[in-house]
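# Fold and contact review
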Amino acid sequence: MSAPDILKSACAQPFAAAHAAKGQGRRVVAYLGTSVPVELIRAGGAFAFQLAGDPSLPAPLSDLYLDDEYDGEIRSLFDRIGGGGCNVADLVVIPRASNGLLYLYYSLLELRRLEPQRRFPELLLYDVLNTPNWATARYVLDRTRALHARLGGSVDDVRAAIALGNEQRRALHALNARRRAGRLRGSTWWTALRAARVMEPQAWLDAVRALGDEAAPARRLLLKGHGQDTPALYALAESLGANIVADDHLGGERTVQWLVDETAEPLAALAGHYQSRVPTIRSYPQAAEDAAWLALLAESGTQGVLFYHEEFDDTFGWDTPCQVDRLAALGLPHALLARQSYHAPDRDAQRAVLAGLIESIRP
């Protein structure tokens with residue numbers, strides 16, 4: 001199987017490596033979002049994989065128990081976990097990186113109380129906070145130590161897991177540099193990043209190092225707003241003659257931008273990294289987030305920005321007007337896909353908006 005096919009297969013069958021690990025007698029630990037120290041899961045000897053939402057699957061449990069206003073991904077995760085869809089996992093670690101994830105944790109506990117016959121994995125809350133101050137840092141370090149005690153593994157195991165995680169981050173940096181240079185499609189970047197979170201690390205490293213260059217459209221877009229649980233939007237842009245060469249969303253490149261400090265005490269290094277180096281909906285102050293976005297805009301050579309907001313967005317829309325003003329001052333065009341359905345986005349409408357944006361970019 002070719003390297004691209006290996007990565008695509010991992011994304012299409014995200015539980016495959018977890019089942020293989022389970023068959024070998026290993027513990028399997030799933031995690032949500034990007035704010036859980038995956039290094040601690042690996043240091044404890046378990047197979048770690050990220051559980052993501054799936055827009056292609058119905059969410060009958062969510063329809064029964066959750067308000068409509070929950071994000072599509074949260075509703076999908078409620079069904080995947082509560083419906084027994086990830087029972088290959090022995091444990092699911094949920095970070096307190098957003099109100100949505102915290103509500104998901106409590107909603108699943110309530111589901112277990114209401115329907116005790118339902119079988120789904122044990123849940124563990126990793127209470128990570130993202131305000132950049134001394135008291136928060138002390139608290140997150142305490143929670144990180146507690147997570148380490150729960151998962152097991154020696155300090156040397158943690159150091160080795162940090163080194164392996166950084167090796168994956170460096171490989172992603174190299175891929176992203178090729179995307180910037182027009183030698184990798186955005187859809188391939190999405191696939192590689194997603195596969196990194198569900199495959200055995202060494203198998204993933206072997207596959208991404210075997211990826212060759214590929215022709216990419218010349219026009220360059222930045223995607224901002226909600227993350228994408230499929231590569232469909234990236235592929236749609238490519239079909240219209242543009243490449244998404246940068247992404248500023250909670251599942252994109254900024255989640256792997258920084259290496260974990262290998263010279264520091266390992267638990268302190270992980271606590272500091274996941275508190276302040278991984279962007280979340282709660283990242284603060286906003287000025288720092290704006291500076292990071294503007295730096296990405298300049299560094300990536302973006303020619304246009306696509307804002308993507310889901311149907312019940314109550315966060316990103318507040319900042320969009322000021323961000324649009326910044327783009328106007330820079331002479332950069334933009335388009336907004338607002339109130340996008342998680343399960344059934346209107347691809348024809350998206351195509352029309354994207355085509356208009358791409359046509360506005362000067363060759």
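A short tour of the structure in this document, coming up. Just so it is clear, the structure is predicted and the values come from calculations on it, not from any experiment.

## Quick look at the overall build of the protein
Of regular secondary structure, the protein possesses 15 helices and eight strands. Against the compact-globule benchmark of 21 Å for 363 residues, the protein has a radius of gyration of 20 Å, which places it among compact chains. Overall size of the protein, expressed as C-alpha extent along the three principal axes, is 55 × 50 × 45 Å. Split into buried and exposed, the 363 residues of the protein put 51% on the buried side. For the protein, contacts bridging at least 24 residues in sequence account for 76% of all contacts bridging at least 6. For the protein, the accessible surface area stands at approximately 15700 Å², while carbon and sulfur atoms represent 54% of it. Charged side chains of the protein number 38 positive and 43 negative; the gap between the two group centres comes to 4 Å.

## Some remarks on the layout of surface pockets
Left-over empty space is what a probe sized like a water molecule reveals as it rolls over the atoms. When its volume is computed, the largest pocket comes out at roughly 1000 Å³. Around the largest pocket sit 42 residues that line it, and Asp-71, Glu-73, Ile-74, Ser-98 and Leu-250 are the ones nearest its centre. Looking at the lining of the largest pocket, the elements that each hand over two or more residues are α5 (72-82), α6 (99-114) and α9 (186-196). In terms of residue count, α6 provides more of the lining of the largest pocket than any other element does, four residues in total.

## Quick look at a nonpolar patch on the surface
On the surface, Leu-64, Tyr-65 and Leu-114 cluster together into a nonpolar patch covering about 290 Å² of accessible area. Along the chain, the position of Leu-64 falls in helix α4 (residues 60-65). Leu-64 gets classed as exposed once you look at its relative accessible area, which sits at 59%.

## Observations regarding empty space enclosed by the protein
A complete count under the given rule lists one cavity of 30 Å³ or more for this structure. If you trace the largest cavity, you find 20 residues lining it, with Tyr-31, Val-38, Arg-169, Arg-197 and Val-256 closest to the centre. Here the lining of the largest cavity gets four residues from one element, more than from any other, and that element is helix α8 (residues 155-180). Of the residues contributing to the lining of the largest cavity, the split by class is nine nonpolar, seven polar and four charged.

## Remarks on the sheet that holds strand β2 (residues 47-50)
Read across the open sheet, the four strands follow the order β2-β1-β3-β4; overall the sheet is parallel. Edge positions in the sheet fall to β2 and β4 (122-126), since each has one partner strand and no second. Across the sheet, the mean angle from the axis of one strand to that of its neighbour is 25 degrees, orientation sign disregarded. Bridging between strand β3 (residues 91-95) and β4 involves five bridges; their strand directions are parallel. By the bridge assignment, Ile-94 is partnered in β4 with Leu-125.

## Overview of the pairing of strand β8 (residues 334-340)
Relative to β8, strand β7 (residues 304-310) runs parallel, the two sharing five bridges. Paired with Glu-310 across the bridge in β8 is Gln-340. Note on the crossover from β7 through helix α14 (residues 316-330) to β8: the handedness is right-handed.

## Thoughts on helix α2 (residues 16-23)
One turn of an α-helix holds 3.6 residues; hence residues three or four places apart share an orientation. Taken as a whole, α2 has its buried residues at Ala-17, Ala-18 and Ala-21. The arc that holds every buried residue of α2, seen down its axis, measures 105 degrees, which confines them to one face. Structurally, α2 contributes buried residues whose contacts are with β1 (28-31) and β2. Residue Gly-25 follows α2 closely and has a positive phi angle near 85 degrees.

Analysis parameters
Residues numbered from 1 in each chain as written. Predicted model: local features only at pLDDT ≥ 70, side-chain atom pairs only at ≥ 80, totals over all residues. Heavy atoms only, no water. Helix = DSSP H or I, 4+ residues; strand = E, 2+ residues; numbered from the N terminus. Rg over C-alpha atoms; globule rule 2.2 N^0.38 Å. Buried < 20%, exposed > 50% of the residue type's maximum accessible area, 1.4 Å probe, protein only. Contact = heavy atoms within 4.5 Å. Areas by Shrake-Rupley, 256 points an atom, 1.4 Å probe, with all protein chains shown as cover. Lys, Arg positive; Asp, Glu negative; His and termini not counted. Charge placed at Lys NZ, Arg CZ, Asp CG, Glu CD. 1 Å grid on protein atoms, 1.4 Å probe; cavity = no way out; pocket = protein on both sides within 12 Å on 5 of 7 lines; lining within 4 Å. Points joined across faces, edges and corners; volume = space filled by probe spheres on them. Patch = residues over 30% accessible without salt bridge, like charges linked within 9 Å, V, L, I, M, F, W, Y side chains within 5 Å. Salt bridge = Lys/Arg side-chain N within 4 Å of Asp/Glu carboxyl O. Nonpolar A, V, L, I, M, F, W, Y, C, P; charged D, E, K, R; others polar. Pairing = 2+ DSSP bridges. Axes fitted to C-alpha atoms, helices over the stretch in contact; angles between N-to-C directions. Right-handed = clockwise from strand over helix to strand, strands pointing away. Arc of directions from axis to C-beta.

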